[in-house]
Amino acid sequence: MVMDVYNGYIGVPAKCGSRFFKKTISEWGAPIRSSFRNFYTGVIKLNCIIIRNPATHLKSALQTEIMECSDNHNEIETILKSYTDTYNGGTHFYPQFCEKIYNIWYRNNYDLKIVDLSNLSEFISSILYDIPYDETEFDFKWSPNFKTKDEIWNICVELYPELMNKLIAYTQSDMKYYNALLNRDDSLVKDVQLSIWNTKKFL
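What counts, and where the lines are drawn
- Residues numbered from 1 in each chain as written.
- Predicted model: local features only at pLDDT ≥ 70, side-chain atom pairs only at ≥ 80, totals over all residues.
- Heavy atoms only, no water.
- Salt bridge = Lys/Arg side-chain N within 4 Å of Asp/Glu carboxyl O.
- Helix = DSSP H or I, 4+ residues; strand = E, 2+ residues; numbered from the N terminus.
- Buried < 20%, exposed > 50% of the residue type's maximum accessible area, 1.4 Å probe, protein only.
- Core = buried A, V, L, I, M, F, W, Y, C linked by side-chain atoms within 4.5 Å.
- Contact = heavy atoms within 4.5 Å.
- Phe/Tyr/Trp six-rings, centres within 6.5 Å; stacked < 30°, edge-to-face > 60°.
- Lys NZ or Arg CZ within 6 Å of the ring centre and 35° of its normal.
- Pairing = 2+ DSSP bridges.
- Axes fitted to C-alpha atoms, helices over the stretch in contact; angles between N-to-C directions.

## A closer look at the pattern of salt bridges
Stage number 1. All chains considered together, the criterion is met by three salt bridges.
Stage number 2. Two residues, Asp4 and Arg33, come together in a salt bridge whose shortest N-O distance is 2.4 Å. Of this pair, Asp4 sits in strand β1 (residues 2-6) while Arg33 sits in strand β3 (residues 32-35), and the two are 29 residues apart along the sequence.
Stage number 3. On the accessibility criterion, Asp4 (5% relative accessible area) is buried.
Stage number 4. You can call Arg33 exposed: its relative accessible area is 54%.
Stage number 5. One salt bridge in this structure joins Lys59 and Asp150, with 2.8 Å as the shortest N-O distance. Within this pair, whereas Lys59 is found in helix α4 (residues 54-66), its partner Asp150 is found in helix α8 (residues 149-159), the two being separated by 91 residues in sequence.
Stage number 6. A relative accessible area of 44% means that Asp150 is categorised as partly exposed.

This is the structure:
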């Protein structure tokens, strides 16, 4: 999954406000494009990262990537399979996103700042200035191939129910880490300590 780094320390993964963050380029300059994997393996260091609800992350990612190829069943299958890849993930979705961030949060003594997508405007306002949010700028309705998130979702479920069930299971598992991050809940640390050994094989 791709990720942009703004102002040297803010990680903005795909579908986590990346297009909205482009409005800061005039102040902070162009971001550095990296990958989420580089973050969770320690190649790059961040002080702050933007996260979002795993279920809405998946739906938004599917709309972005599949809307342009919704008649190409092979391409849809390729995208869905990439989303289940726990090594790199797909371009716009990683299946263990919040779990990996929770792992990093723990390893950094809970010092990583977590910002939920729903609070993005307030966050940018607090460190830069107020940038109005206009939903119509990000809804893709200008595209001649426009389909709603639900339409794309239904296409995927109809064509590849097993892959979709696998992705739904990933988001359901990741929800506990998402909620724990927002609440600064360290009760999942034991789970993370066990998963560190699995992470090491990627280093």
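Back to the text.
## Structural notes on the nonpolar core
Stage number 1. Phe21 and Phe36 are the most contacted members of the largest nonpolar core, which totals 40 residues.
Stage number 2. If one sorts the elements of this core by residue count, helix α6 (residues 97-107) sits on top with six residues.
Stage number 3. Those residues in contact with Phe21, other than ones at most four positions away along the chain, are Tyr6, Ile10, Val12, Trp28, Ile50, Leu120, Phe123 and Ile124.
Stage number 4. With 19 residues, the next largest nonpolar core counts Phe140, Ile152, Cys156 and Leu163 among its residues.

## Concerning the packing of aromatic side chains
Stage number 1. Overall, the coordinates contain 13 aromatic pairs when judged by the stated rule.
Stage number 2. A ring pair is formed by Tyr6 and Phe21, whose centres lie 5.0 Å apart and whose planes are at 40°; its orientation type is tilted. Here the residue Tyr6 occupies a position in strand β1, and Phe21 occupies one in helix α1 (residues 18-21), the gap between them amounting to 15 residues.
Stage number 3. Its relative accessible area of 0% is what places Tyr6 among the buried residues.
Stage number 4. Taking relative accessible area as the criterion, Phe21 reaches 0% and is therefore assigned buried.
Stage number 5. The ring of Trp153 carries Lys59 above its face, with NZ or CZ at 5.5 Å from the centroid.

## Quick word on the pairing of β1
Stage number 1. For β1, the tally of buried residues reaches four of five residues, placing the bulk of the element in the interior.
Stage number 2. Judged from the four bridges that link them, β1 and β3 form a sheet pairing that is antiparallel. Residue pairing across strands places Val5 opposite Ile32, the latter belonging to β3.
Stage number 3. Where β1 meets strand β2 (residues 10-13), four bridges bridge the pair, whose relative direction is antiparallel. By the bridge assignment for β2, Tyr6 is matched with Ile10.

## Quick look at the sheet that holds β3
Stage number 1. An order of β3-β1-β2-β4-β5 is seen for the five strands of this open sheet, with the pairing classed as mixed. Sheet topology places β3 and β5 (113-116) at the edges, where each strand pairs with a single neighbour. Each adjacent strand pair in this sheet contributes to an overall mean axis angle of 30°, direction not counted.
Stage number 2. In terms of strand pairing, β2 meets strand β4 (residues 48-51) through two bridges, oriented parallel. Within the sheet, the bridge partner assigned to Gly11 lies in β4 and is Ile49.

So, to be careful, I would describe these as geometric facts and stop short of saying anything about function.
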